[in-house]
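# Residue-level structural notes
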Amino acid sequence: MEIVTEDSVTTLGGWHSGKVLVAGSHGGIIAGMLAAQARVHAVILNDAGVGKDAAGIASLGLLESIGMAAATVDRRSAPMGKAELALASGLISHANYHALASGVRPGDRCHDAAQKLCHTPAPYGRLPRFVEKRYSLGSARRQPPVIGCDSVCLVRPGDNGKIVVVGSHAALHAPDPRLALAVDACAAFFHDAGCRGEPEGISRLPVLDRRGIPTAAVDHRTARIGDARSMWESGVISFCNAAAVGVGWRCGMTVPEAVACYRATAISAAQRVCA
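Right, let's walk through the structure included here. Treat the numbers as computed from the prediction; the structure is a model and nothing was measured.

## A word on the overall build of the protein chain
What the protein chain contains, in helices and strands, is nine helices and eleven strands. Against the globule reference of 19 Å for 275 residues, the protein chain gives a C-alpha radius of gyration of 19 Å, in line with a compact fold. Taken across its 275 residues, the protein chain has 56% of its residues classed as buried. Considering only residue pairs separated by 6 or more positions, the protein chain has 59% of its internal contacts joining residues 24 or more positions apart. Accessible surface, the protein chain: about 11,600 Å² in total, of which carbon and sulfur atoms supply 55%. A gap of 6 Å separates the mean positions of the 28 positive and 23 negative side-chain charges of the protein chain.

## Points about the sheet that holds strand 7 (residues 146-149)
Strand order in the open sheet formed by six strands is 6-7-8-9-10-11, with mixed pairing between adjacent strands. The sheet terminates laterally at strand 6 (134-137) and strand 11 (237-240), the two strands that pair on one side only. Pairwise comparison of adjacent strand axes, ignoring direction, gives a mean angle of 25 degrees for this sheet. With three bridges connecting them, strand 10 (residues 215-218) and strand 11 associate as antiparallel partners. Opposite Ala216, over in strand 11, you have Cys240 as the bridge partner.

## Section: the side chain of His41
Of note, His41 is situated in the loop between helix 1 (29-37) and strand 3 (42-46). Among the polar contacts made by the side chain of His41, one reaches the main-chain carbonyl oxygen of Thr120 at a distance of 2.7 Å. Once you skip the residues sitting within four places of it in the chain, His41 turns out to touch Met1, Gly18, Lys19, Val20, Met68, Leu117, Cys118, Thr120, Pro121, Ala122 and Pro123.

## Remarks on the packing of aromatic side chains
Per the counting criterion, the structure on display carries one aromatic pair. Between Phe189 and Trp249, the aromatic rings sit 4.7 Å apart at their centres with planes inclined by 20 degrees, giving stacked as the arrangement. Placement of Phe189 in strand 9 (residues 187-191) and of Trp249 in the loop between helix 8 (242-246) and helix 9 (255-274) is noted, with a sequence separation of 60 residues between them. Classification of Trp249 as buried rests on a relative accessible area of 3%.

## As for the pattern of salt bridges
Using the criterion set out here, one finds nine salt bridges in the structure. We note a salt bridge from Arg224 to Asp53, for which the minimum N-O separation is 2.8 Å. On the criterion of sequence distance, the pair formed by Arg224 in the loop between strand 10 and helix 7 (228-234) and Asp53 in the loop between strand 3 and helix 2 (59-64) is long-range, its members being 171 residues apart. Arg224 gets classed as partly exposed once you look at its relative accessible area, which sits at 28%. Looking at Asp53, the relative accessible area reads 54%, which means it is exposed. Among the ionic pairs, Asp219 bridges to Arg221, the shortest N-O distance being 2.7 Å. Via salt bridges that share partners, Asp53, Arg224 and Asp227 belong to a single interconnected network.

## A word on helix 5 (residues 110-117)
Buried residues of helix 5: Cys110, Ala113, Ala114 and Leu117, and no others. For helix 5, the angular spread of the buried residues around the axis is 100 degrees, confining them to a single face.

## Focus: unusual backbone geometry
Between Gln143 and the following residue, Pro144, the backbone shows a cis peptide bond with an omega angle of -10 degrees. With respect to the helices and strands, the residue Pro144 is situated in the loop between strand 6 and strand 7. At Val50, a position not held by glycine, the phi torsion is positive, near 65 degrees. Position of Val50 among the secondary structure elements: in the loop between strand 3 and helix 2. One non-glycine residue with positive phi stands out, namely Ala54, at about 55 degrees. Along the chain, Ala54 turns up in the loop between strand 3 and helix 2.

## Topic: the pairing of strand 2 (residues 20-26)
The element strand 2 is extensively covered by neighbouring structure, given that seven of its seven residues are classed as buried. Of the two faces of strand 2, both are covered, the one formed by Val20, Val22, Gly24 and His26 as well as the one formed by Leu21, Ala23 and Ser25. Inspection of the sheet shows strand 1 (residues 3-6) paired to strand 2 by four bridges, in the parallel sense. Looking at strand 2, one finds that Val4 is bridged to Leu21. Looking at chain direction, strand 2 and strand 3 are connected through four bridges and run parallel. Its bridge partner lying in strand 3, Val20 is registered against Ala42. Handedness of the crossover joining strand 2 and strand 3 through helix 1: right-handed.

Definitions and cut-offs
Residues numbered from 1 in each chain as written. Predicted model: local features only at pLDDT ≥ 70, side-chain atom pairs only at ≥ 80, totals over all residues. Heavy atoms only, no water. Helix = DSSP H or I, 4+ residues; strand = E, 2+ residues; numbered from the N terminus. Rg over C-alpha atoms; globule rule 2.2 N^0.38 Å. Buried < 20%, exposed > 50% of the residue type's maximum accessible area, 1.4 Å probe, protein only. Contact = heavy atoms within 4.5 Å. Areas by Shrake-Rupley, 256 points an atom, 1.4 Å probe, with all protein chains shown as cover. Lys, Arg positive; Asp, Glu negative; His and termini not counted. Charge placed at Lys NZ, Arg CZ, Asp CG, Glu CD. Pairing = 2+ DSSP bridges. Axes fitted to C-alpha atoms, helices over the stretch in contact; angles between N-to-C directions. Polar contact = N/O pair within 3.5 Å; in protein donor to acceptor, adjacent residues only side chain to side chain. Phe/Tyr/Trp six-rings, centres within 6.5 Å; stacked < 30°, edge-to-face > 60°. Salt bridge = Lys/Arg side-chain N within 4 Å of Asp/Glu carboxyl O. Arc of directions from axis to C-beta. Right-handed = clockwise from strand over helix to strand, strands pointing away.

Set out below in structure tokens:
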């Protein structure tokens, strides 16, 4: 059986069906649903530091329910969004029942675990089709509006000029800098996915800084990855780019506090222009 790698589960297609997948995505619910939708044989994801409510490994139980073997690599052993590095150097941190039954154990090298997953039984069930989840966050009357997207693939062209709160990790997984964020939002928030400050873990931030978009990452211990509403309700900023600092954001701010700060700064700037 073939072992394949993808930096993001958002790029999965029919050609992944029946293969063992090692992906650079977090191990949350959305990633698991997309892997199941692509009908992979088994999957290894990134535990994203596990984080609040163990959201970084929530897909393991979900996939167990349909008979799919699934595991995660330790975020400290492999960066987000880099599947080839995960396969080469990642260490298994968590595994569901079907992966354990195939011999996968925490501490295994990812490559060895993937080989074991080639011999596990095929999934016997199907999950409901993945449904896109977008939200209007905060007061709809306040400007600019705040849009929540559980995954970056849910950001739409109409989100230009809005504040976007995105449940995806802050690591850029594609060579095209434009893919850091497909729209010209006026501000953005991503999830830090257990980043300890290494540049690759928050690589969207400097890219968006060059586009003049204030961007922050939210601490994985304070909000569930893949859950924009959780980021809005309890997320606390762990990293900011220079543009974000320029509008008054700082580490330790909550997401609503940062949004209020941005709006106040924008109003003040507009008043100075009018004067």
